[in-house]
Amino acid sequence: MNTWKLTKLTGHCGARLEGVSLASASTSQLEIVRSSLFEHGVIIIPEQHLSPEDHIKLAKFFGEIDVNRFFTPVASHPMIAEVRTVPEQPEVIGGTWHTDHSYDAAPAMCSILNARQLPPFGGDTHFASMSAAYRTMSSGLQNMLRDLRAWHSDGSFVNSTDVGIKPKKEAFRDPVLHPVIVKHPHTGAPCVYVNGDFTVNFENWSVEESAPLLTFLYAFITKPIFTARVVWEPGMVAIWDNRLVQHYATADYSGYSRLMHRITVAGVPLEAF
Ligand code: SIN
């Protein structure tokens, strides 16, 4: 770890790790990457240029690969999902704040994004710390949220043709319940676990009743103070923990292409804090 350099991106979210080769890192080195991930929520590692095989091997260190059932797979490596923008595409994949796979009963632990083709400007990814958001709330709000659970659904993929995703009918599953404040499975840290793409309503509350509190929470948890903005570099890899952060892909490079390869790693059912 002598030549490794870990630098925080912002006060509450993310770190940049330099001097490491993910493709040839030892198990003990990858354990340090994982503990840094649990501390900072998202780790960016420049100058990796991972092949699909390297990407899959890296993902398998973190756990079993959870193949996304909606995204287009990379033809030669179907365990990897394509996050592709073509010049004429009106929207981008992930262009609103969200948590990958929160619609699953055991939602993805982490996602690993590998930059393959970047636009000449823009296409940054924002991350927001859900543990910092929780810590900053009043105890009154924390206490109320700790008693709630919310329904999450994959229904928003019905309207995903604008981002080039054409889901098969059989991909859709029933909504699932998660605690609104989850306990991080490894560190025990409390994290807010509702997101604008997939959360529908609180348990035993109607959609209409849930909307004002959810709207407040989405604005609160994505305040700039909880965020970091990742400006992609060729060959960069980002690894984020989907319990600790939400993310948002910026659609500001109209007319240009962008291609990222994404692997999501399987997680566990989430417990209340
Ligand atoms: C995603 O939502 O997983 C994609 C993020 C990105 O393309 O920056």
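Residues numbered from 1 in each chain as written. Predicted model: local features only at pLDDT ≥ 70, side-chain atom pairs only at ≥ 80, totals over all residues. Heavy atoms only, no water.

Some details on the overall build of the protein
Under the convention used in this document: In this text, helices come from DSSP runs of H or I with a minimum length of four residues, and strands from runs of E with a minimum of two, each type numbered from the N-terminal end. Throughout, the radius of gyration refers to the C-alpha atoms, and the reference size of a globule is 2.2 Å times the residue count to the power 0.38. Burial classification: accessible surface area is computed with a 1.4 Å probe over protein chains only, and a residue below 20% of its type maximum counts as buried, one above 50% as exposed, and the rest as partly exposed. Any two residues having at least one pair of non-hydrogen atoms within 4.5 Å are treated as being in contact. Each accessible area is a Shrake-Rupley estimate made with a 1.4 Å probe; only the visible protein chains count as cover when residues are assessed. Only four residue types enter the charge count: Lys and Arg as positive, Asp and Glu as negative, with His and the chain ends excluded. Charge placement uses NZ in Lys and CZ in Arg. For Asp and Glu, CG and CD serve respectively.
When helices and strands are tallied, the protein shows five helices and 16 strands. Taken over the C-alpha trace, the protein has a radius of gyration of 18 Å; the compact-globule value for 273 residues is 19 Å, and the two agree within 12%. With the principal axes as the frame, the protein shows a C-alpha extent of 50 × 45 × 30 Å. Relative to its full complement of 273 residues, the protein shows a buried share of 53%. Taking all contacts inside the protein whose residues are at least 6 apart in sequence as the whole, residues at least 24 apart take part in 82%. With the model as given, the accessible surface of the protein reaches about 12100 Å², and the carbon-plus-sulfur share is 53%. Averaging the coordinates of the 22 positive side-chain charges in the protein and doing the same for the 27 negative ones gives two points 4 Å apart.

With respect to helix H1 (residues 27–40)
The criterion, for reference: Expected helix span is computed as 1.5 Å times (number of residues minus one).
For H1, built from 14 residues, the straight-helix expectation of 20 Å at 1.5 Å per residue is met to within 8% by its first-to-last C-alpha distance of 20 Å. Those residues of H1 that sit buried are Leu30, Val33, Ser36, Leu37, Phe38 and His40. Residues of H1 that are buried in the fold lie against strand E1 (5–8), strand E2 (15–18), strand E3 (42–45), helix H2 (52–62), strand E6 (110–117) and strand E14 (237–241). Positive backbone phi, approximately 90°, marks Gly41, located one or two places after H1.

Side note on the sheet that holds strand E13 (residues 227–230)
How we decide: Here a strand pair is declared whenever DSSP counts at least two bridges between the two strands. Every axis corresponds to a line fitted to the C-alpha atoms, with the helix fit spanning only the stretch in contact, and the corresponding angles, defined between N-to-C directions, vary from 0 to 180 degrees.
As summarised here, the arrangement of the three strands in space is E13-E7-E15, forming an open sheet in which the pairing is antiparallel. Each of the sheet's edge strands pairs with one partner strand only, and the pair in question is E13 and strand E15 (245–249). On average, adjacent strands in this sheet sit at an angle of 20° to one another, irrespective of strand direction. Bridge count for strand E7 (residues 125–129) against E15 is five bridges, and the pairing is antiparallel. Bridging from a neighbouring strand, His126 pairs with Tyr248 of E15.

Brief notes about the nonpolar core
Spelled out, the test is: Here the nonpolar core consists of buried residues drawn from Ala, Val, Leu, Ile, Met, Phe, Trp, Tyr and Cys, with membership extended through side-chain atoms lying within 4.5 Å.
In terms of nonpolar packing, the biggest core is built from 52 residues, with Phe71, Met137, Leu145, Val180, Val192, Phe202 and Trp232 touching the most fellow members. For this core, the leading source of residues is helix H5 (residues 207–221), giving five residues. Ignoring anything within four residues of it in the chain, the contact list for Val180 reads Leu145, Leu148, Arg149, Ala150, Cys191, Val192, Tyr193, Val194 and Phe202. Among the nonpolar cores identified, the runner-up in size contains 28 residues, and Leu17, Val33, Leu37 and Ile45 belong to it.

Looking at empty space enclosed by the protein
In plain terms, the rule: Both site types are read off a 1 Å grid over the protein atoms alone. A 1.4 Å probe that fits but cannot get out defines a cavity, while an open set with protein on both sides within 12 Å along at least five of seven lines defines a pocket; lining residues have an atom within 4 Å of a point. Grid points are joined across faces, edges and corners, and a volume is the space filled by probe spheres set on the points. By the convention adopted, Pro, Cys, Tyr, Trp, Phe, Met, Ile, Leu, Val and Ala count as nonpolar, Lys, Arg, Asp and Glu as charged, and the other residues, Gly among them, as polar.
Overall, the coordinates contain one cavity of 30 Å³ or more when judged by the stated rule. Here the largest cavity defines a volume of roughly 120 Å³. Forming the boundary of the largest cavity are 13 residues, of which Val83, Ile93, Leu113, His247 and Ala249 lie nearest the centre. Of all the secondary-structure elements, those providing two or more residues to the lining of the largest cavity are E15 and strand E16 (258–265). When grouped by side-chain class, the residues that make up the lining of the largest cavity number six nonpolar, four polar and three charged.

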